[in-house]
Amino acid sequence: MAPITNVAILGASGNVGQAIIPAILAAGFNVTIIARPGPNPRTATPAAKTEIAAYDDLPALTTALINQHAIIEAFNPAAATHQRTIVRAALAAGVSHILTPDFSTDTFNVHASELNIFEPKINAQRALEDELKLAEAETGKATLTWTAVIVGPWYDWGISKGLFWIDPVERTITRFGSGDQRYSMSAVELCGRAAVAVLRDPAFYMNRPAYFASSTISTNELIEIVKRVAPGTPWEVVDVPVEGFVEEGKKLWEADSRNGVQNRLKSRAYVMLGTASTFDEGNRYGADFGEKAEKGWDQGREVLEEHLRRLLGSA
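Below is a short write-up of the structure. (Residues numbered from 1 in each chain as written. Predicted model: local features only at pLDDT ≥ 70, side-chain atom pairs only at ≥ 80, totals over all residues. Heavy atoms only, no water.)

**Describing helix 4 (residues 119–139)**
Basically, it comes down to this: Elements are defined by DSSP. Helices are runs of H or I of four residues or more, strands are runs of E of two residues or more, and each kind is numbered from the N terminus. Helix span is expected to be 1.5 Å times the residue number reduced by one. Categorising residues by exposure relies on relative accessible area from a 1.4 Å probe, with only protein chains included: less than 20% of the type maximum marks a residue as buried, more than 50% marks it as exposed, and the intermediate range marks it as partly exposed.
Taking 1.5 Å of rise per residue, 21 residues should cover 30 Å, and helix 4 covers 30 Å from first to last C-alpha, within 8% of that figure. Taken as a whole, helix 4 has its buried residues at Lys121, Ile122, Ala124, Gln125, Ala127, Leu128, Glu131, Leu132 and Ala135. A positive phi of about 80° marks Gly140, the residue just after helix 4.

**Let's talk about the side chain of His97**
Put simply, the rule is: Polar contacts, as used here, are pairs of N or O atoms within 3.5 Å; protein pairs need one atom able to donate a hydrogen and one able to accept it. Residues neighboring in sequence count only if both atoms are side-chain atoms. Throughout, a contact is declared for two residues whenever any of their heavy atoms are within 4.5 Å.
Here His97 lies in strand 5 (residues 97–99). Only 2.7 Å separates the side chain of His97 from the side chain of Thr147, close enough to count as a polar contact. In contact with His97, not counting residues within four places along its chain, are Ile4, His69, Ala70, Ile71, Leu144, Thr145, Trp146, Thr147, Val198, Pro202 and Met206.

**So, the sheet that holds strand 7 (residues 166–167)**
Spelled out, the test is: A pair of strands counts as paired when DSSP detects no fewer than two bridges linking them.
Spatial ordering of the open sheet is given by 7-8-12, a layout of three strands whose pairing is mixed. Each edge of the open sheet carries a strand with a single partner, namely strand 7 and strand 12 (236–240). Here five bridges tie strand 8 (residues 172–176) to strand 12, and the two strands are oriented parallel to one another. Bridge pairing links Arg175 to Asp239 in strand 12.

**Quick notes on the packing of aromatic side chains**
Just so we agree on the cut-off: Aromatic contacts are taken between Phe, Tyr and Trp rings whose centres are within 6.5 Å, Trp giving its six-membered ring; a plane angle under 30 degrees counts as stacked, one over 60 as edge-to-face, and the others as tilted. Ring-over charges, as used throughout, are those where CZ of Arg or NZ of Lys falls within 6 Å of the ring centre and within 35 degrees of the ring normal.
Within this structure, the stated rule accounts for 13 aromatic pairs. Seen from their ring centres, Tyr55 and Phe75 are 5.5 Å apart, and the 45° between their planes marks the pair as tilted. In this pair, Tyr55 sits in the loop between strand 3 (49–52) and helix 2 (58–65) while Phe75 sits in the loop between strand 4 (70–73) and helix 3 (83–93), placing the two residues 20 residues apart along the sequence. As far as the burial class goes, Tyr55 and Phe75 line up, both buried. If you follow Arg208 out to its NZ or CZ, it ends over the ring of Phe204, 5.2 Å from the centre. One Lys or Arg, Arg264, reaches over the ring of Trp253 and ends 4.1 Å from the middle of that ring.

**Quick word on unusual backbone geometry**
Of note in this structure, Phe103 is not a glycine but carries a positive phi near 60°. In this structure, Phe103 sits in the loop between strand 5 and helix 4. A positive phi is found at Asn283, a non-glycine position, where the angle reads about 55°. Looking at where Asn283 falls in the secondary structure, it is placed in the loop between helix 9 (268–279) and helix 10 (301–311).

**Some thoughts on the pattern of salt bridges**
Heads up, the condition is: We define a salt bridge as a side-chain nitrogen of Lys or Arg found within 4 Å of a carboxyl oxygen belonging to Asp or Glu.
Using the criterion set out here, one finds 14 salt bridges in the structure. Arg84 serves as the salt-bridge partner of Glu131, at 2.9 Å between the closest nitrogen and oxygen. With Glu131 in helix 4 and Arg84 in helix 3, this residue pair connects regions lying 47 residues apart in the sequence. The buried category is assigned to Glu131, whose relative accessible area is 5%. Take Arg84: its relative accessible area is 33%, and that puts it in the partly exposed class. It is possible to trace a salt-bridge network through shared partners that takes in Arg84, Arg88, Asp130 and Glu131.

Given below as structure tokens:
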């Protein structure tokens, strides 16, 4: 496979894009931001070139992707509905590799389809593979390969946004279920380093999910760490059972569908289903993927503790 030097980013201004772009620029790649049309196209950095193209505009997107070797899909799940057009444009433009819109939970887990929240990414992966099969049948060769980067929840970003189960303002730690369930999680900057690793060696990560984790840990282990690195005002552990979360989440999801709810990411249904995916006592949804993770990426307990010390304001 030819080396990758030119990289196009879709979704550059989002959380994933903002984590990835500095890393791939620092690694020496030429970056082009594909911004959607509008009065004020959203770009992330003056160090990158910008092209304007809607994700559902095949001619414009194809033109924007000419001379690009790789695409990183850093957009939110809603934009994944355009995957067929994006893949067709990539094939027409001669792109060789695509990083799919993952960078979070393991949507390749055999039970992921049971939870409505993963449907956009699962459908995007299905559309990608369908289009690649069609293209190979027509041309007799595979010209575009892919990698899905799985990193688990972003614990540092989540803590800073008040979305993680450690709340440094209220000094609470929410323990879902027993607290013994282990899950793989990452610092958000790992998304950028993982993307660089894939771009530098796409053949190694070709046509598969690649698992990267800063740590694999349980909430009970985190509780002990937090109490040690952030002493002072006592931490309150709030116990929340997760039994019935999936069933209730699905009912709420169906009600939201009937009521025309558009912003799923902030809905109660999304929160309940996402919580269940992480804290299922039997790891049904693959939150603990430590055994599948790429070797050498775990940051180690000492680094995690120091990072948590800084995040919780007790450095």
